[in-house]
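# Summary of the model geometry
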Amino acid sequence: MPVISAPDAMHPDANRGPQGEHRDELVIAAGPQAGTRIELVSDITTAGRHEASDLLLDDVSVSRHHAVFTRTASGRVTLRDLNSLNGTYVNGKRVEETTLHSADEVQIGKFKLVFWEATS
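One structure accompanies this document, and this report is about it. Values in this document were obtained by computation on a predicted structure and should not be read as measured data. (Residues numbered from 1 in each chain as written. Predicted model: local features only at pLDDT ≥ 70, side-chain atom pairs only at ≥ 80, totals over all residues. Heavy atoms only, no water.)

## Section: the environment of E105
Position of E105 relative to the elements: it lies in strand β11 (residues 104-108). On the basis of relative accessibility, which here comes to 23%, the residue E105 falls in the partly exposed class. In this structure, the C-alpha to C-alpha distance between E105 and V90, residues 15 residues apart in sequence, is 5.5 Å. (Helix = DSSP H or I, 4+ residues; strand = E, 2+ residues; numbered from the N terminus. Buried < 20%, exposed > 50% of the residue type's maximum accessible area, 1.4 Å probe, protein only.)

If you want it as structure tokens, here you go:
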């Protein structure tokens, strides 16, 4: 379970997609672990401040149960906000639920992550 600290500045590799084959993944765009890639291997990946979250985002700007990434039957990945206090944003717009596309910038609290779709 990755623990991510609050971001400082965008990492230059965050906006570059991976080379070769890969699964759906998030790239930490800022903070001490910037550039780290997190593969979305499960059909459901939870994100929040709670220690049981699949993606643990350790900052008070993040709700305990903040958001969930879900792989649909068609293989797409959706992001749904779980009625968080500070909201979930994709490309700067607050969302309740949306389908993600490569290079979408996801913001959960102070954390910025870049989503990359799987390639074969």
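Having seen the model, we can carry on.
## Digging into the sheet that holds strand β3 (residues 37-39)
Strands sit in the order β3-β2-β12-β11-β8-β9 across an open sheet of six strands; the sheet is antiparallel. Lying at the two open borders of the sheet, with one neighbouring strand each, are β3 and β9 (93-95). Adjacent strand axes in the sheet meet at a mean angle of 30 degrees when their direction is disregarded. (Pairing = 2+ DSSP bridges. Axes fitted to C-alpha atoms, helices over the stretch in contact; angles between N-to-C directions.)

## Quick word on the nonpolar core
One finds F69, L100 and I108 to be the most contacted residues of the largest nonpolar core, which totals 20 residues. Of all the secondary structure elements, the ones that give two or more residues to this core are β2 (25-28), β5 (55-57), β6 (67-71), β7 (77-81), β11 and β12 (111-116). Broken down by element, this core gets its largest block of residues, three residues, from β12. Discounting chain neighbours no more than four positions away, the residues touching F69 are L26, D43, I44, T45, A47, L55, V77, T78, L79, L100, V106 and I108. (Core = buried A, V, L, I, M, F, W, Y, C linked by side-chain atoms within 4.5 Å. Contact = heavy atoms within 4.5 Å.)

## Side note on the environment of G48
Within the secondary structure layout, G48 lies in strand β4 (residues 44-48). Among the residues examined, G48 registers a relative accessible area of 0% and is labelled buried. Separated by 19 residues in sequence, G48 and A67 have C-alpha atoms that sit 6.6 Å apart. For G48, the contacting residues outside a window of four places in its chain are S53, L55, L56, L57, V62, S63, R64 and H66.

## A few points about the pairing of β2
Neither face of β2 is exposed, since E25 and V27 on one face and L26 and I28 on the opposite face are all buried. For β2 and β3, the ladder comprises three bridges, and the chain directions are antiparallel. Of the residues in β3, the one forming a bridge with V27 is R37. The pairing of β2 with β12 spans four bridges and is antiparallel. What sits directly across from E25, in β12, is W116.

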